[in-house]
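# Residue-level structure breakdown
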Amino acid sequence: MRSSTGFQKGDVFWAPDPFRQGSNPRLWLILAADSLPYPGEEYMCAALTTSDLPRNIEVGNDWVAGRDPDKTSYCSPWVVATIKSDAVVNPQGELTESFTEQMISECETYLNTA
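Residues numbered from 1 in each chain as written. Predicted model: local features only at pLDDT ≥ 70, side-chain atom pairs only at ≥ 80, totals over all residues. Heavy atoms only, no water.

### Here we look at the overall build of the chain
- Regarding its fold elements, the chain presents 1 helix and 9 strands.
- In the chain, the succession of helices and strands from N to C terminus is β-β-β-β-β-β-β-β-β-α.
- With the principal axes as the frame, the chain shows a C-alpha extent of 40 × 35 × 30 Å.
- Among the 114 residues that make up the chain, the fraction classed as buried is 40%. (Helix = DSSP H or I, 4+ residues; strand = E, 2+ residues; numbered from the N terminus. Buried < 20%, exposed > 50% of the residue type's maximum accessible area, 1.4 Å probe, protein only.)

### Observations concerning the nonpolar core
- Counting residues in each nonpolar core, the largest one holds 15 residues, and the members touching the most others are Leu-29, Leu-48 and Phe-99.
- Only β4 (26–32), β5 (42–49) and α1 (97–111) provide two or more residues apiece to this core.
- Within the second largest apolar cluster, 12 residues are counted, among which are Phe-7, Phe-13, Ala-15 and Ile-30. (Core = buried A, V, L, I, M, F, W, Y, C linked by side-chain atoms within 4.5 Å.)

### What to know about the pairing of strand β8 (residues 74–84)
- Note: β5 against β8, 8 bridges, orientation antiparallel. Note on β8: the bridge partner recorded for Thr-49 is Tyr-74.
- Here strand β6 (residues 57–58) pairs with β8 via 2 bridges, running antiparallel. By the bridge assignment, Ile-57 is partnered in β8 with Cys-75. (Pairing = 2+ DSSP bridges.)

### Here's the deal with the pattern of salt bridges
- Here the structure, examined in full by the defined rule, presents 3 salt bridges.
- Among the ionic pairs, Lys-9 bridges to Glu-101, the shortest N-O distance being 2.6 Å. Here the residue Lys-9 occupies a position in the loop between β2 (6–7) and β3 (11–15), and Glu-101 occupies one in helix α1, the gap between them amounting to 92 residues.
- For Lys-9, a relative accessible area of 42% puts it in the partly exposed group.
- Accessibility expressed as a relative area gives 31% for Glu-101, which makes it partly exposed.
- With a closest N to O distance of 2.7 Å, Glu-42 and Lys-84 form a salt bridge. Here the residue Glu-42 occupies a position in strand β5, and Lys-84 occupies one in strand β8, the gap between them amounting to 42 residues. (Salt bridge = Lys/Arg side-chain N within 4 Å of Asp/Glu carboxyl O.)

### Side note on the environment of Leu-27
- Relative to the assigned elements, Leu-27 resides in strand β4.
- Classification of Leu-27 by relative accessible area gives buried; the value is 13%.
- With 48 residues separating them along the chain, Leu-27 and Cys-75 place their C-alpha atoms 9.5 Å apart.
- Residues within four places of Leu-27 in sequence aside, it is in contact with Val-12, Phe-13, Trp-14, Ala-46, Ala-47, Leu-48 and Gln-92. (Contact = heavy atoms within 4.5 Å.)

### With respect to the confidence of the model for the chain
- When pLDDT is averaged across the chain, the result is 91; 94% of the residues are at 70 or more.
- At the low end of the mean pLDDT range in the chain sits strand β1 (residues 2–3), at 51; at the high end sits β6, at 98. (pLDDT = per-residue confidence, 0-100.)

Structure follows, in structure tokens:
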């Protein structure tokens, strides 16, 4: 999960939600780490949630490590943020490479819509 330069693509960690002031930390899936200008210092992430909203994508069995068996996790690929390494509260786990790549493609879909 963690390397000498920090977290890697596919890792999941807890960090504050920059879109909600004063909120509790939420889970974030790392979509990009080493390809950013400051590897190991910041991560491009998509939000994870327990809300089963129409366009959220269920993680299901794509947890490699860190799954909470009492909760169903979903990814919101349109809720993206750059999270600084010093904002990370705790690591949670890791998702499969295929799920992470799917979320990257979903994000690109939102960005490429004209």
